[in-house]
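A closer look at the structure
What follows is each chain in one-letter form.
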Amino acid sequence: MDRVSSFDEPLKKLLGGATAKVMAEHLDLHTVGDLLHHYPRRYEERGKLTALADLPLDEHVTVVAQVADARILMFNNGRGKRLEVTLTDGSGRLQLVFFGHGVHKPHKELLPGRQAMFAGKVSVFNRKMQLAHPTYQLLDASDADEATEAVDAFAGRLLPIYPACKQLDSWRIAKAVDAVLPSAQDAVDPLPASLREGRGFTPLPEALLKVHRPQTKADIEDARARLKWDEAFVLQVALARRRYADTQLPAVARRPVADGLLDAFDAKLPFTLTEGQEKVSKEIFDDLATEHPMHRLLQGEVGSGKTMVALRAMLAVVDAGGQAAMLAPTEVLAQQHHRSITEMMGELAEGGMLGGSDRGTKVVLLTGSMGMAARRQALLDLVTGEAGIVIGTHALIEDKVQFHDLGLVVVDEQHRFGVEQRDALRSKGKQPPHLLVMTATPIPRTVAMTVFGDLETSVLDQLPAGRSPIASHVVPAKDKPHFLARAWERVREEVENGHQAYVVCPRIGDDAEEAEGKKGRAKKKTAEEDPEKRPPLAVLEIADELRKGALAGLSVEVLHGRMHPDEKDDVMRRFAAGDVDVLVATTVIEVGVNVPNATAMVIMDADRFGVSQLHQLRGRVGRGSAPGLCLLVSEAHEASPARARLSAVAATLDGFELSRIDLEQRREGDVLGQAQSGVRSSLRMLTVIDDEEVIAAAREEAVATVAADPELECLPELRTVLAALLDKEREEYLDKG
């Protein structure tokens, strides 16, 4: 059998149809290679008892413990019987229960003093932890034959505990791994020999053997170090090749022109740019001046002035004879950007119009809800080149939209755009346009190196002068209702001092949403859904309560995604003008909404939002000279993870610190995850949070490897492994970030 095909062998051939089916459906394992890369999550030492005291509720667990006692109990007037077994490990006790016909075998085998490995889901019955009908394997059978077998399998060894599922226990996975382990000899080694020897890594077949069947703890360390490197290196080579390919694409160099639109704009700025803005602008202008497309990620704290940096890049492109398009995720945000950019540019945004500047250009808005006449005019301005800048939603991507000469695409809030959308806009240039991606969600360096690894990164971490600090506090509404009453008093005080406030709710609360909710609830009553849990608080209900109660007499308006675009725009205009005191909204205000006079924000059911989202929302206040206040209202229990998350948000304004907390809570699954890629993440051993050094070192090696041999002609093994990792979908996912 050749080296590749033994890894591609379907599991069905070796393990039989039933086991292979469960592995495919529940663990997404299909081939011998998949199973060999399904690594143990942890290892139990033979004889070392797991702490029963720390068992997590509702999770599928594997424990090694000793039987303390076992007894059969009758119920239903003697018609039914159940076996109750108590386990102990010195730290705690756990009850097992078996019913009906399932009691005979365990009753004979689970005798006091016996040690075994048990797997099942932890539940609570009569205030006691229990496993109902667990599967188990004896570790010290008294029957001589069984004892020999059990001892052969486990004596003196570290027992691998695999990520398992209800249908397939860890030790059944271990037996399946035994069946495929000989194929580890056929593993294709992706690391160049010089790299492997230079870093003293264990050969790959040996690493696979050691990770699945370690003799010592040192074996596990060796294997993990090697397997982490493989994952990091292969992924970074894929990204380095992507970046290299981008440098081979042609693009029109767009160099700023002296005394052009950009200089005129800079001359009328009422403030100086921060050092950070100057530095990042230089990086962008250097990229724009090259004859291959820029691919840059601009990440910066909420309010760090990203829009200003992006606008100056757009003006430079217009100076150089091109057009720039800014893609925003929502109509509210597109309108907001259009309004703030035309205000900042003044007469420079009225090119070709009466009173406009000779050096000016037209700045047009294009959204799905525009009237036909305005839309037709905007499309005409784009195709003739009359409009140098267009700001829009995904309406920009439609086939009808033609550009005269598209030179730069700016994508705001990258994570909201799908794969095809970014590509469709890029394809509208005669040659690939330059691309600037902006995000206000700070991304830890390691995630930037993996998820956005095909983009060069610029970071804005200074706040512009004039931005004020924001005080954040958690308001425990359930434990201390008077705190909530005080929160509304604070809002009233801010309004009396001439300021405005936001109140954010997770839900709209209208009929359409109710109907959808009911339909969804009827379809899906998930096990983790707590029937006692009330639905999240809603905009319409809270606005109504506030008008009648705590904020009576103030002007309270609502804003949410189901309103007609004109209505939304009208509310935002009036809020920006100071005619509305309090805006009760959903997260439509999360990005880009800029009202410097708004100083307070109350987030209802704050525990229903993610860390990054709370940070984004909070960034809407404190945008002027008055200090900001953000109150996180929650009914979550003081000791709950949800409250811990809120306390973390209240404790720091550092978005990078928060993004790290967010990542630690969600783990990589969500970040690299299935949601974006449509295929399983390739990272099984590597963790984006803990392995920063490995990822950084692998990136360096990958860049050097690709620079020396872009097609990897001298590294056929690496090419083979890359092809397996980067099936079509994964490659496209990496391409679009």
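Residues numbered from 1 in each chain as written. Predicted model: local features only at pLDDT ≥ 70, side-chain atom pairs only at ≥ 80, totals over all residues. Heavy atoms only, no water.

Section: the overall build of the protein chain
In terms of helices and strands, the protein chain carries 28 helices and 21 strands. A separation threshold of at least 6 residues defines the contact pool for the protein chain, and within that pool the share at least 24 residues apart is 75%. Approximately 33000 Å² of the protein chain is accessible, and the part contributed by carbon and sulfur atoms is 51%. (Helix = DSSP H or I, 4+ residues; strand = E, 2+ residues; numbered from the N terminus. Contact = heavy atoms within 4.5 Å. Areas by Shrake-Rupley, 256 points an atom, 1.4 Å probe, with all protein chains shown as cover.)

With respect to the nonpolar core
Formed by 56 residues in total, the largest nonpolar core has its most connected members in Tyr502, Val503, Leu559, Val582, Val584, Ile589 and Ile603. The residues contacting leucine 559, other than those within four sequence positions of it, are Lys568, Val571, Met572, Leu583, Val584, Ala585, Thr586, Val588 and Ile589. Grouped together as the second largest cluster of nonpolar side chains are 40 residues, Phe265, Leu311, Ala334 and Leu348 included. (Core = buried A, V, L, I, M, F, W, Y, C linked by side-chain atoms within 4.5 Å. Buried < 20%, exposed > 50% of the residue type's maximum accessible area, 1.4 Å probe, protein only.)

A closer look at the confidence of the model for the protein chain
Mean pLDDT for the protein chain: 81, with 82% of residues reaching 70 or above. A low-confidence stretch, residues 522-532 (pLDDT under 50), is modelled with one contact involving residues beyond four sequence positions or located in other chains. Below a pLDDT of 50 lies the segment residues 731-737, which in the model reaches 26 contacts outside its immediate sequence neighbourhood of four places, other chains included. (pLDDT = per-residue confidence, 0-100.)

Concerning the environment of alanine 225
Inspection of the secondary structure puts alanine 225 in helix 10 (residues 217-248). A relative accessible area of 34% places alanine 225 in the partly exposed class. Taking the C-alpha atoms as reference points, alanine 225 and leucine 686, 461 residues apart in sequence, are found 9.4 Å from one another.

Some thoughts on the pattern of salt bridges
Tallied over the entire structure, the rule returns 33 salt bridges. The partner of arginine 254 in a salt bridge is aspartate 405, with the nearest N and O atoms 3.0 Å apart. Here arginine 254 is found in the loop between helix 10 and helix 11 (261-267), whereas its partner aspartate 405 is found in the loop between strand 12 (387-392) and strand 13 (406-412), with 151 residues between them in sequence. Comparing arginine 254 with aspartate 405 shows no difference in burial state: the two are buried. One connected set of salt bridges, linked through shared partners, spans Arg486, Glu489, Arg490, Glu493 and Glu494. (Salt bridge = Lys/Arg side-chain N within 4 Å of Asp/Glu carboxyl O.)

Regarding the sheet that holds strand 14 (residues 434-439)
Pairing is parallel in the open sheet, where seven strands are placed in the order 11-12-10-13-14-9-15. Sheet topology places strand 11 (362-366) and strand 15 (456-460) at the edges, where each strand pairs with a single neighbour. With direction set aside, neighbouring strand axes in the sheet form an average angle of 20°. Sheet strands touched by helix 14 (residues 331-345): strand 10 (323-327), strand 11, strand 12 and strand 13. Its angle to strand 11, the strand with the most contacts, is close to 170°. (Pairing = 2+ DSSP bridges. Axes fitted to C-alpha atoms, helices over the stretch in contact; angles between N-to-C directions.)

As for the packing of helix 22 (residues 611-618) against helix 23 (residues 641-651)
Contact geometry of helix 22 with helix 23 gives a least axis separation of 10 Å together with a crossing angle of 35°. Considering the relative orientation of helix 22 and helix 23, their crossing is right-handed. Along the contact surface, helix 22 presents Val611, Leu614 and Arg618, while helix 23 presents Arg645, Leu646, Val649 and Ala650. Split by residue class, the contact of helix 22 with helix 23 holds five nonpolar, no polar and two charged. (Left-handed = near helix turned anticlockwise from the far one by under 90°. Nonpolar A, V, L, I, M, F, W, Y, C, P; charged D, E, K, R; others polar.)

A look at the environment of aspartate 607
Inspection of the secondary structure assignment puts aspartate 607 in the loop between strand 20 (598-603) and helix 22. Judged by its relative accessible area of 17%, aspartate 607 is buried. Separated by 39 residues in the primary sequence, aspartate 607 and leucine 646 have C-alpha atoms spaced 6.8 Å apart. What aspartate 607 contacts, discounting residues up to four positions off in sequence, is Val633, Ser634, Glu635, Ala636, Ala642, Arg645 and Leu646.

Let's talk about helix 3 (residues 17-27)
Listed as buried for helix 3 are Ala20, Val22, Met23 and Leu27. Each buried residue of helix 3 lies within a common arc of 160° when the element is viewed along its axis, so the set occupies one face. Of the residues in helix 3, the exposed ones pointing more than 90 degrees away from the buried face are Ala18, Lys21 and Glu25. Backbone geometry just downstream of helix 3 places aspartate 28 in the positive-phi region, at approximately 60°. (Arc of directions from axis to C-beta.)

Remarks on the side chain of histidine 38
When you line up the elements, histidine 38 lands in the loop between helix 4 (32-36) and strand 1 (42-45). One polar contact links the side chain of histidine 38 to the main-chain carbonyl oxygen of proline 163, over a distance of 2.9 Å. Apart from the residues lying within four places of it in its own chain, the contact partners of histidine 38 are Leu27, Leu29, Tyr162, Pro163, Ile173 and His212. (Polar contact = N/O pair within 3.5 Å; in protein donor to acceptor, adjacent residues only side chain to side chain.)

A look at helix 9 (residues 204-212)
Burial analysis of helix 9 places seven of its nine residues in the buried class, the great majority of the element. Among the residues making up helix 9, those that are buried are Leu204, Pro205, Ala207, Leu208, Lys210, Val211 and His212.

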